[in-house]
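Each chain, written out:
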Amino acid sequence: MESSETKVYKTVCMMCFQVCGINAHVKDGRLVKVEGMEEHPFNRGVICERGRRMPDWVYAADRLKYPLKRNSSGGFDRISWDQALEEIGQKLLDIKDKHGAKAVALSVGSKGAEDFQISAFAQRWRGVFGTPNYFSIEAHCFRSRIMARQLTMGMYPLSDPDNSECVILWGHNPDASEPPLAGRINKLLEQGLKLIVIDPVRIPLAKKGMFLQVRPGTDDILALAMINVIINDGLYDREFIEKHTLGFDKLKEHVKEYTPERAAVVCDIPAQDIIYAARVFAGAKKACIEESICVLDHHVNAFQFHRAVALLMVITGNVNTPGGWCQNPFMRLPDLRVVDGYAGQMPIGCKDYPIFHGFWGMTSPYGRQWDLPEAILEENPYPVKAFLVNGSNMAAAWPDSDAFVASLKKLDLVVVMDLFMTQTARLAHYVLPASSNPERLGLAMNYGLTGGMSYCLLNRRIIEPVGECWPDWKFFAELGRKMGYESYFPWKTDEELLDFLLEPSGITREQLDVEHPSGMWFGQRSYHMNDKIRTPSGKYEIYSQTLADAGYDPLPRYVECHESPLSTPELFKKYPLIALTGYRIKEYVGWQYRNIPPMRHAVPDARVVVHPLTAKEYGLDEGDAVFVETPQKQIRMKVHVSDDMRPGVAGITHGWEGEQNENVLTKRYPNDPVTGYPAMKNFACRIRKV
Ligand SMILES: Nc1nc2c(c(=O)[nH]1)N[C@H]1C(S)=C(S)[C@@H](COP(=O)(O)OP(=O)(O)OC[C@H]3O[C@@H](n4cnc5c(=O)[nH]c(N)nc54)[C@H](O)[C@@H]3O)O[C@H]1N2
Ligand SMILES: Nc1nc2c(c(=O)[nH]1)N[C@H]1C(S)=C(S)[C@@H](COP(=O)(O)OP(=O)(O)OC[C@H]3O[C@@H](n4cnc5c(=O)[nH]c(N)nc54)[C@H](O)[C@@H]3O)O[C@H]1N2
Ligand code: SF4
Ligand SMILES: [Mo]
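In this text the structure is predicted, and so the values were computed from the model without any measurement. (Residues numbered from 1 in each chain as written. Chains lettered and ligands numbered in written order. Predicted model: local features only at pLDDT ≥ 70, side-chain atom pairs only at ≥ 80, totals over all residues. Heavy atoms only, no water.)

With respect to unusual backbone geometry
Of the consecutive residues Asn380 and Pro381, the connecting peptide bond is found in the cis state with omega at 5°. Looking at the element boundaries, Pro381 is found in the loop between α16 (372–378) and β17 (386–390). With a phi angle near 50°, Asp28 is a residue other than glycine that sits in the positive phi range. Position of Asp28 among the secondary structure elements: in the loop between β2 (20–27) and β3 (30–36). Judged by relative accessible area, which is 62%, Asp28 ranks as exposed. For Asp400, which is not a glycine, the phi torsion comes out positive at approximately 55°. By secondary structure assignment, the location of Asp400 is in the loop between α17 (394–397) and α18 (401–410). Residue class for Asp400 comes out buried when judged on its relative accessible area of 12%. (Helix = DSSP H or I, 4+ residues; strand = E, 2+ residues; numbered from the N terminus. Buried < 20%, exposed > 50% of the residue type's maximum accessible area, 1.4 Å probe, protein only.)

Below is the structure:
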C-alpha cells in the first residue's frame, strides 16, 4: 500500500523521442514510480521498460551534479555555475577576437535535435554570437527522409498506421526503437492488418507477417522492382496520378529495367516474394510504409531509397488519405533563431552538398560535421578552436570516432553539457550538469518522428533538480547574459519561457495545467487533397527537376554499396561478413541507460550477432570474446548467435564506448551523393576470437 503522501502527476517520459504520456508517482519529493497514462492517445497506457526505470535514471549514483573544470592533472574540480559561465564566456570572446566567430562550433545530439527547446536555444545563441557552424545528428540521421519527402511532396507527411489495411515495416524495428508503435501494430494485427517486414533480421514483428529477409543495402532496387510490378499489373492509382503528379511516364520507362527477377538476385530473396509484396501493398485500399528512421541512411543509395519509398506512396495514392502518409499540423511557436550574426555564411561541410544545405528558399540550419577534424587539426578551410556540445556522446556516436577523439583533444575549449560523464565529456575542459525532464517545466509535443500526432501536454517539474542541474536553455541564456547578449535572453525561469513559447499558439500554461492535464490536440491530420501542394510545379514530383538541376538522379537509380560481395568480391574473400552497425536493442538508446543496473544486467556486453551457420563457418560460440575487424581497425565484442539474423551478416550493437565502439570501424567520408551522409553500414568485416 502506498502512503497518502504519494502524489501522482500527469506528465511525459522523454527518455527517447517517443514522448509517452505517464503517471509519475512522487513521494516525499522523490520520483518513485512511473506508469503509462491511459488517456494519452500516443501510447495509450503502455510504456517500455526504460520509462519504468526513470527513477533509476534520474537518481543514478553517477549523475553529474555540479559544473566541473578540468585540472592540470587531467581530473575535474567542482566549480560554481558563475565561474563556469564567466570563464567560458571570456574564452569564447577571446577566440572570436582572434579567429572570428566561425572558429566556435556547436553540436546537439539526438536529445538536442528532438527537444526543440535545446535546439532552439543553441541556434539562438549561435546566431547572436555569429557562427554558422552548428551541427547535429541530422548530418547522418533523419534529415535524409525529410528531404526526400519534401522534394517529392512539398511537405513532410507522417504515417497513419492505425487506419491502414497494410503496413510495411521497412528497416524499422519498433519493438526496439518505437515501443508505442509496436504495441499499436500488435493490436491492429488482431483486427486483420496485413504486415510486410523487409529486414535482414527476423525482428519480433516479422514473425507475424510476410517477411523479406533482404541482403543489407539493397532496398533501393527492391522498391524500384515493386514499382515495376505495380505499374505492370496496373495497380497504381490512375486518377490520383493524373490529377496530382508529374513525371509518371518517365518513371514507367525508368523502372522497366528493374524487374523483380533482377532485384531478386541483388536482394537475394525470391522474385515471387517481391511480386507478392508489391501486389499486397498496392492492392490494399489504405496502406503505409514505416521506413527506417536512420538505419538505412548510411550508404550510397540512402537518399534515393527514401525517394523510392515516397514514390511507392504517391503512385498508390496513399497520400493525405486515411491510413497513408498525412500532413500533421505543427504547433505555432515563436521562431527563436537569430540569423543576423552569420547571414550569408555556410556551415562547414555544405559547400558540395547544395541540396542538403537547402532548396526552394529553405535553408537547413545544420552543417556536415565530417570535415571538422580537418578544420581542427589542419585549419582547413579555416581554424575551429572551440566546441560546445549539448546532449551528445559524439565520441561514440560519430563515424571515425578516433578522428573526432583526436581532434577534440586539440581544441582550446570544449564544453559538454550532459547528465553523465560520457566519453565525450571526459574530453572536455568544462562539464556542465543537465537536468532530466522531470526536473524542469516545458512543453512536450507528440509530433513523433514517425506516426506522430498534433498533441501536446506539459512536461511538468515534479521533483527538485538533482544537485545544481540546469535545463540546457538556461545554460545558453545565462551564458548569453554573461557575454552581453541580455536583450536576446530575457527569460529567467521555465515559466517565463513557457508562456513566451505558447503565445502564438493561443494555448495557455493554465489551460494545459488545469483544464487539460493529460494533454490536448492542437490540430488534426489532413485527410484531404485541397491543400496547395508546395512543390515548384504544384504537383507531387515523381520526376524531380530540382534534383536534376543540382546534378543528381531525378529518378532513383540503384547503385551497389561501396563495399559488398558484388562490388568488392576480392575484399569479401578476406573480410567475408557484411557489417550491420547501429543494431538497436530495447534496453539502450544510443549510449544511454547502460548505468541502470537491470538494463546492464540484461545486456552486459557489446554484442556482435550472427546466424548459427555463420557461427559454425567461423568456429564461433555464444559468448565468445572476439575482435570484429576491418582491414584498418578492430573492436572487441561478445558473440551472440541468433537464427533471426541473416547468414553472412554481422549485427554490431550500437552505442558502446571505447574499444567496443562500432564507430572505430566506420569512416566519415561522404557516401550518399545527395546528403553526403557517411557509409556507416554495409562494409566488409571479419570476426576473430580474442
Ligand atoms: N532502443 C532504442 N531505440 C532507439 C534508438 C536506440 O539506440 N535504441 N535510437 C533512436 C534513434 S537515434 C534512431 S535514428 C532510431 C532508429 O530507428 P530505425 O532506423 O528505424 O532503426 P530500428 O527501428 O532499430 O530498425 C532498423 C532495422 O533495420 C534493419 N536493417 C539494417 N540494415 C538494413 C538494410 O540494409 N535493409 C533493411 N531493409 N533493413 C535493414 C535492422 O536489422 C533493424 O531491424 O531509433 C531510435 N530509437
Ligand atoms: N555506426 C553507427 N553509428 C551511429 C548510428 C548507427 O546507426 N550506426 N546511429 C546514429 C544516430 S541515428 C544517432 S541519432 C546518433 C546518436 O548520437 P548521440 O545523440 O550523440 O547519442 P546518445 O548516446 O543518445 O547521446 C545522447 C546524450 O544526451 C544526454 N542527455 C539526455 N538528456 C539530456 C538533456 O536533456 N540535456 C543534455 N544536455 N543531455 C542530455 C545523454 O545522457 C547522452 O549522453 O548515433 C549515430 N551513430
Ligand atoms: S518509448 Fe519508453 S523510453 Fe521512450 S518515451 Fe515511451 S516510455 Fe519513455
Ligand atoms: Mo538517430
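Now that the structure is up, let's keep going.
Structural notes on the layout of surface pockets
Where empty space is left in the structure can be found by rolling a water-sized probe over the atoms. Within this model, the second largest pocket holds a volume of roughly 310 Å³. By residue class, the composition of the lining of the second largest pocket is six nonpolar, two polar and five charged. (1 Å grid on protein atoms, 1.4 Å probe; cavity = no way out; pocket = protein on both sides within 12 Å on 5 of 7 lines; lining within 4 Å. Points joined across faces, edges and corners; volume = space filled by probe spheres on them. Nonpolar A, V, L, I, M, F, W, Y, C, P; charged D, E, K, R; others polar.)

Things to note about the site of ligand 3
Close contacts around ligand 3 come from Cys13, Met15, Cys16, Gln18, Val19, Cys20, Ile47, Cys48, Arg50, Gly51, Pro179 and Pro180, and that covers them all. In this structure, ligand 3 is accommodated by the largest cavity. Of all elements in the fold, only α1 (49–52) and α8 (179–190) reach the threshold of two or more residues within the shell around ligand 3. (Near = heavy atom within 4 Å. Sits in = over half its atoms within 2 Å of the grid points.)

Section: the sheet that holds β3
Ordered in space as β1-β2-β3, the three strands form an open sheet in which the pairing is antiparallel. Among the strands making up the open sheet, the edge pair consists of β1 (7–13) and β3. Recorded for the sheet is a direction-independent mean angle of 35° between the axes of neighbouring strands. Bridge count between β1 and β2: seven bridges; the pairing is antiparallel. Across the sheet, the residue bridging to Val12 is Gly21, located in β2. (Pairing = 2+ DSSP bridges. Axes fitted to C-alpha atoms, helices over the stretch in contact; angles between N-to-C directions.)

Brief notes about the sheet that holds strand β22 (residues 520–521)
Strand order in the open sheet made by the three strands is β20-β21-β22, with antiparallel pairing throughout. Strand pairing shows two members of the sheet lacking a second neighbour, β20 (442–445) and β22, which therefore form its edges. One ladder, built from two bridges, connects strand β21 (residues 455–459) with β22; its direction is antiparallel. Residue pairing in the sheet places Tyr455 in a bridge with Trp521 of β22.

A short note on the nonpolar core
Ranked by internal contacts, the top residues of the largest apolar core, which has 187 residues, are Leu92, Trp125, Trp170, Leu222 and Leu251. Core analysis: the second largest hydrophobic core is formed by 40 residues, Leu64, Trp370, Tyr382 and Ala425 among them. (Core = buried A, V, L, I, M, F, W, Y, C linked by side-chain atoms within 4.5 Å.)

Considerations on the pairing of strand β6 (residues 104–108)
A regular strand places its side chains so that they alternate between the two faces of the sheet. Among the five residues in β6, five count as buried, and that is most of the element. Residues Val104, Leu106 and Val108 line one face of β6 and the alternating positions Ala105 and Ser107 line the opposite face, and both faces are buried. The pairing of β6 with β17 spans five bridges and is parallel. By the bridge assignment for β17, Val104 is matched with Ala386.

Regarding the pattern of salt bridges
Tallied over the full model, the rule gives 43 salt bridges. Glu439 is paired through a salt bridge with Arg63; the nearest N and O atoms lie 2.9 Å apart. Within this pair, whereas Glu439 is found in the loop between β19 (430–433) and β20, its partner Arg63 is found in the loop between α2 (54–58) and β4 (68–70), the two being separated by 376 residues in sequence. Notably, a salt bridge pairs Asp400 with Arg668, separated by 3.0 Å at the nearest N-O pair. Here Asp400, found in the loop between α17 and α18, pairs with Arg668, found in the loop between β28 (649–653) and β29 (683–689); they are 268 residues apart in sequence, far enough to count as distant. Residue Asp400 shares its accessibility class with Arg668, and that shared class is buried. When salt bridges that share partners are traced, they join Glu49, Arg52, Arg53 and Asp56 into one network. (Salt bridge = Lys/Arg side-chain N within 4 Å of Asp/Glu carboxyl O.)

Considering the site of ligand 2
The local shell around ligand 2 holds 34 residues, among which Ser110, Ala397, Asp418, Asp472 and Trp591 are the closest. For ligand 2, an oxygen atom lies 2.9 Å from a polar atom in the side chain of Ser392. In this structure, a nitrogen atom belonging to ligand 2 sits 2.8 Å away from a side-chain N or O atom of Asn663. When contributions to the shell around ligand 2 are tallied by element, the ones reaching two or more residues are α4 (110–114), β18 (413–418) and β24 (577–583). In the shell around ligand 2, the residues fall into twelve nonpolar, 15 polar and seven charged. (Polar contact = N/O pair within 3.5 Å; in protein donor to acceptor, adjacent residues only side chain to side chain.)

A closer look at the pairing of β20
Taking every second residue as pointing to the same face, both faces of β20 are buried, with Gly442 and Ala444 on one and Leu443 and Met445 on the other. As defined by bridge partners, β20 adjoins β21 across four bridges and the pair is classed as antiparallel. The residue bridging Leu443 from the neighbouring strand is Leu458, located in β21.

A look at the side chain of Gln117
Turning to its location among the elements, Gln117 is positioned in helix α5 (residues 116–129). When neighbours within four sequence positions are excluded, Gln117 is seen to be in contact with Gly442, Leu443, Trp473 and Leu501. (Contact = heavy atoms within 4.5 Å.)

Some thoughts on helix α13 (residues 271–283)
Between the first and last C-alpha of α13 there are 18 Å, a value that for 13 residues agrees with the 18 Å anticipated at 1.5 Å per step. Within α13 the residues assigned to the buried category are Ala271, Ile274, Ile275, Ala277, Ala278, Val280, Phe281 and Ala282. (Expected span 1.5 Å × (residues − 1).)

A look at the packing of helix α9 (residues 219–232) against helix α12 (residues 260–267)
Running from N to C, α9 and α12 cross one another at 160°; their axes reach a closest spacing of 9 Å. If you check the angle between α9 and α12, you find them roughly antiparallel. For the pair α9 and α12, the sense of crossing is left-handed. Residue-level inspection shows Ile221, Leu222, Ala225, Asn228 and Val229 of α9 in contact with α12, the latter providing Pro260, Arg262, Ala263, Val266 and Cys267. (Parallel < 35°, antiparallel > 145°, perpendicular 65-115°, else oblique. Left-handed = near helix turned anticlockwise from the far one by under 90°.)

Considering the packing of helix α3 (residues 81–99) against helix α19 (residues 472–482)
How two helices sit against one another is set out by the angle between their axes and by the gap between those axes. Two elements in contact, α3 and α19, have axes separated by 9 Å at closest approach and are oriented at 65°. Crossing hand, α3 versus α19: right-handed. Between α3 and α19, the residues in contact are Trp81, Asp82, Leu85, Glu86, Ile88, Gly89 and Leu92 and Phe475, Glu478, Leu479 and Lys482, respectively. Here the contact of α3 with α19 is built from residues that sort into six nonpolar, one polar and four charged.

Description of the domain arrangement of the protein
Here the domain parsing of the protein yields domain 1 (68–139 + 332–446 + 455–521), domain 2 (144–328 + 534–549) and domain 3 (569–689). Taken over C-alpha atoms, the centre of domain 1 sits 31 Å from the centre of domain 3. At the boundary of domain 1 with domain 3, total buried surface from both sides reaches about 1,800 Å², with 49% on carbon and sulfur atoms. It is Tyr353, Pro399 and Asp400 in domain 1 that bury the most area against domain 3; as a group they hold 27% of the surface buried on that side. The interface formed by domain 1 and domain 3 contains four salt bridges. The tally of links between domain 1 and domain 3 comes to 19 residue pairs in polar contact (both at pLDDT 80 or more). Those elements that provide at least two residues to the side of domain 1 that touches domain 3 are α15 (354–357), α16, α17 and α18. The biggest single contributor to the side of domain 1 that touches domain 3 is α18, with four residues. The class makeup of the residues in the side of domain 1 that touches domain 3 is 14 nonpolar, four polar and six charged. (Domains from an automatic or database assignment. Buried area = accessible area lost by both parts, 1.4 Å probe.)

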